[in-house]
Amino acid sequence: MLELRAVNAGYGTFQALFDVDLDVRAGEAVGVIGPNGAGKTTLMRVISGLIRPSRGSIRMEGTDVVATPPHKIVSLGIAHVPENRRLFPQLSVDDNLKMGAFMKEARSHYAERLEVVFDLFPRLKERRHQMAGTMSGGEQQMCAIGRALMSNPKLLLLDEPSAGLAPVVVQQVFELVKRIRASGLTVLIVEQNVQQVLKVVDRAYLIEAGTIRASGTSAEMLASDTVREAYLGV
Ligand SMILES: Nc1ncnc2c1ncn2[C@@H]1O[C@H](COP(=O)(O)OP(=O)(O)OP(=O)(O)O)[C@@H](O)[C@H]1O
C-alpha cells in the first residue's frame, strides 16, 4: 500500500532522514520505534505531505505522494494524527468529528462514518455533546483518532498516541489501536513505548539518527539484541 524508497528529508540545511526505505502492506499494523530526535515524526510528516522529501520516492497504492498537492493527500487515503492532538476545545465531540469529514466525498457519507467511529469508540458516542476541551487526555486522543477516521482513510498514521497519558490510559489507547487494526484499517504507528507497541503491530522499523537500523516482525524485534538492550532494558 505504502512504499518509501531512499527518502531523504529535513529542515533547511539540516537533514533528518537518510535514504529511508519502508513498506506498509494493506491490512498491516506497522510500528516505528527509536530514540528522541531519531526522525520518527519527520517520517510521519513526509508521508502525510507536511514536508517534502529532498530526494527519494513515496507511493501510496502506486500514486506518487510527492507529486500530489499537499491538500489532496487526504484523498489518497492517508490520515495523520499528529502528536499534539489539537482538537477544537470549545466545540463538541460531534463538531470535532464533523471537521474530519471535510472532503466532499466524506461529507456525503457523514452519518455512516459517524456510526463506524462510534462503533469503534462507544465512549465518544456517550460524550458526543461534551466540549472536547473538557475531556480527559485519553478521551481527547480517542476523539482525535475518530476525527481522522471520518475521512474514511485507508492508512492511518498515528504519531505517539500514548504521549503524555497516564499509564492506565496508555493501556486504553493501545486497546483502541488493536480495535482499529481488527477493523481492517492499515496503521503506521510511531511510539516510544516499545514494549507496548510491539504487542499491537505485525512488524516494526527501528530508526536511529534518521536511518533505518533494523526491521522485522514484532517477534523478531523483541528478540533482537539491539532492541532489547537499548529499548527494553534487558
Ligand atoms: N521544525 C523543525 N525544524 C528544524 N528541525 C527540526 C524540526 N522538527 C524536527 N527537527 C529536528 O529533526 C530531527 C528529527 O526530529 P523528529 O521530531 O522527527 O524526531 P522524533 O524521532 O520524532 O523525536 P521525538 O521522539 O522526540 O518526538 C531532530 O534533530 C529535530 O531537532
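Our structure's up above, just so we're on the same page.
This structure is a prediction, so every number in the text was calculated from the model and none was measured.

Cut-off values and rules
- Residues numbered from 1 in each chain as written.
- Predicted model: local features only at pLDDT ≥ 70, side-chain atom pairs only at ≥ 80, totals over all residues.
- Helix = DSSP H or I, 4+ residues; strand = E, 2+ residues; numbered from the N terminus.
- Near = placed C-beta within 6 Å.
- Nonpolar A, V, L, I, M, F, W, Y, C, P; charged D, E, K, R; others polar.
- Buried ≥ 20, exposed ≤ 12 C-beta atoms within 10 Å, placed from the backbone.
- Contact = placed C-beta atoms within 7 Å.
- Axes fitted to C-alpha atoms, helices over the stretch in contact; angles between N-to-C directions.
- Parallel < 35°, antiparallel > 145°, perpendicular 65-115°, else oblique.
- Left-handed = near helix turned anticlockwise from the far one by under 90°.
- Pairing = 2+ DSSP bridges.

A. Local environment of the overall build of the chain. When its secondary structure is counted, the chain shows 10 helices and 10 strands. With the principal axes as the frame, the chain shows a C-alpha extent of 45 × 40 × 30 Å.

B. Examining the site of the ligand more closely. By nearness alone, every residue bordering the ligand is listed as Tyr11, Phe14, Ala16, Gly34, Asn36, Gly37, Ala38, Gly39, Lys40, Thr41, Thr42 and Gln192. Sorting the residues of the shell around the ligand by element identifies strand 2 (14-24) and helix 1 (40-47) as the ones contributing at least two each. Among the elements that make up the shell around the ligand, the one with the highest residue count is helix 1 (3 residues). When grouped by side-chain class, the residues that make up the shell around the ligand number 4 nonpolar, 7 polar and 1 charged.

C. Examining the environment of Gln196 more closely. Within the fold, Gln196 resides in helix 8 (residues 194-200). We classify Gln196 as partly exposed; it has 18 C-beta atoms within 10 Å. Sequence spacing of Gln196 and Ile180 is 16 residues, and the spatial spacing of their C-alpha atoms is 16 Å. Discounting chain neighbours no more than four positions away, the residues touching Gln196 are Ser162, Val170 and Phe174.

D. A look at the packing of helix 6 (residues 137-149) against helix 7 (residues 167-182). Running from N to C, helix 6 and helix 7 cross one another at 20°; their axes reach a closest spacing of 9 Å. With respect to their mutual orientation, helix 6 and helix 7 come out roughly parallel. For the pair helix 6 and helix 7, the sense of crossing is right-handed. On the side of helix 6, the interface is formed by Gly137, Gly138, Gln141, Met142 and Ile145, while helix 7 contributes Val169, Gln172, Val173 and Leu176. The residue makeup of the contact of helix 6 with helix 7, split by class, is 5 nonpolar, 4 polar and no charged.

E. Just the sheet that holds strand 7 (residues 155-159), in detail. As summarised here, the arrangement of the 6 strands in space is 6-7-8-3-9-10, forming an open sheet in which the pairing is mixed. Each edge of the open sheet is held by one strand with a lone partner, namely strand 6 (78-81) and strand 10 (211-217). Going across the sheet, the axis of each strand differs from the next one's by a mean of 15°, ignoring polarity. Direction of pairing for strand 3 (residues 29-33) relative to strand 9 (residues 203-208): parallel, over a ladder of 4 bridges. When the sheet's bridge partners are listed, Val30 is paired in strand 9 with Arg203. Seen against the sheet, helix 7 touches strand 3, strand 7 and strand 8 (186-190) and runs at an angle of roughly 155° to strand 8.

Just geometry here; none of it tells us what the structure is for.
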